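What the coordinates show
This is what each chain is made of:
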Amino acid sequence: MARQKRGSPTLEKALRRIAGMRWINQTLDFGNGLNLTEYDSRIQSLQTELSNYNNLLSTLDEMADRIAQSEEELSSYSEKMLMSVATNYGKDSVQYTQAGGKVRKSSSRRSKKSEPSSEGTVTALKGANNNGKHNSVVLP
């Protein structure tokens, strides 16, 4: 995602003001360094800095995209390298685990055996939809 470029409300306000002041007088000068030439110079300075900042953001976005692409390529290459080790040595080999692979667990699934009830009785539910009340019957 591209970084948001920065604008400047202060710069926009200054541009509107200097335009109005130029309409009053092209060479407006109040003394003590307060003149349109200095004002315009400061506006231009901020515009240049803001432009440079936004260009740097664009450069950073491009670099981030290149890094992300390089990471994807490296991840794919790493996977191919691991699969080559698996092909040559097998997925159950020491070499495969040394290369970062994980040994597969035993393929047979063992189910938990339920323990028989010590009392040897079974409880059956009768009338389960009886306004939330359950009648239980114990069978020997």
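Residues numbered from 1 in each chain as written. Predicted model: local features only at pLDDT ≥ 70, side-chain atom pairs only at ≥ 80, totals over all residues. Heavy atoms only, no water.

1. Considering the packing of helix α1 (residues 9-24) against helix α2 (residues 36-89)
Where α1 meets α2, the axes come as close as 11 Å, and the angle between the chain directions of the two elements is 150°. Comparing their axes, α2 and α1 come out roughly antiparallel. Taken as a pair, α1 and α2 cross one another with a handedness that is left-handed. Here L11, A14, L15, R17, I18, M21 and R22 of α1 lie close against α2, whose contacting residues are L36, Y39, D40, I43, L46, Q47 and L50. (Axes fitted to C-alpha atoms, helices over the stretch in contact; angles between N-to-C directions. Helix = DSSP H or I, 4+ residues; strand = E, 2+ residues; numbered from the N terminus. Parallel < 35°, antiparallel > 145°, perpendicular 65-115°, else oblique. Left-handed = near helix turned anticlockwise from the far one by under 90°. Contact = heavy atoms within 4.5 Å.)

2. A word on the nonpolar core
Among the nonpolar cores identified, the biggest contains 7 residues, and these are L11, A14, I18, L28, L36, I43 and L50. Counting only elements with at least two residues in this core, the list comes to α1 and α2. With near-sequence residues (within four places) excluded, L28 lies in contact with M21, N35 and L36. (Core = buried A, V, L, I, M, F, W, Y, C linked by side-chain atoms within 4.5 Å. Buried < 20%, exposed > 50% of the residue type's maximum accessible area, 1.4 Å probe, protein only.)

3. Considering the layout of surface pockets
Here the largest pocket defines a volume of roughly 170 Å³. As for the largest pocket, its lining consists of M21, L28, D29, F30, G33, L34, N35, L36, E38, Y39 and R42. If one sorts the elements of the lining of the largest pocket by residue count, α2 sits on top with 4 residues. Considering only residue class, the lining of the largest pocket consists of 6 nonpolar, 2 polar and 3 charged. (1 Å grid on protein atoms, 1.4 Å probe; cavity = no way out; pocket = protein on both sides within 12 Å on 5 of 7 lines; lining within 4 Å. Points joined across faces, edges and corners; volume = space filled by probe spheres on them. Nonpolar A, V, L, I, M, F, W, Y, C, P; charged D, E, K, R; others polar.)

4. Some details on the confidence of the model for the chain
Residues at a pLDDT of 70 or more form 75% of the chain, whose mean pLDDT is 85. Taken element by element, the predicted model of the chain shows its lowest mean pLDDT in strand β1 (residues 122-130) (51) and its highest in α2 (97). (pLDDT = per-residue confidence, 0-100.)

5. Let's talk about α2
Along its 54 residues, α2 runs 79 Å from first to last C-alpha, staying within 8% of the 80 Å computed at 1.5 Å per residue. Those residues of α2 lying buried are L36, I43, L50, N54, L57, D61, L82, V85 and A86. Along its buried surface, α2 packs onto α1 and α3 (94-98). The N-cap of α2, judged by a side-chain oxygen 3.1 Å from the amide nitrogen of T37 a few residues on, is N35. With its phi angle positive at about 95°, G90 sits one or two positions after the end of α2. (Expected span 1.5 Å × (residues − 1). Polar contact = N/O pair within 3.5 Å; in protein donor to acceptor, adjacent residues only side chain to side chain.)

6. Some remarks on α1
Given 3.6 residues per turn, any residue in an α-helix points the same way as the ones three and four places further on. For α1, which comprises 16 residues, the first-to-last C-alpha distance of 23 Å matches the rise-based estimate of 22 Å (1.5 Å per residue) to within 8%. L11, A14 and I18 are the residues of α1 that are buried. Taken down its axis, α1 places every buried residue within 55° of arc, on the same side. Opposite the buried face of α1, by more than 90 degrees, sit the exposed residues P9, R16, W23 and I24. Each element contacted by the buried residues of α1 is listed here: α2. (Arc of directions from axis to C-beta.)

7. Quick notes on unusual backbone geometry
In this structure, N32 is a non-glycine residue whose phi angle is positive, near 55°. You can see N32 is positioned in the loop between α1 and α2.

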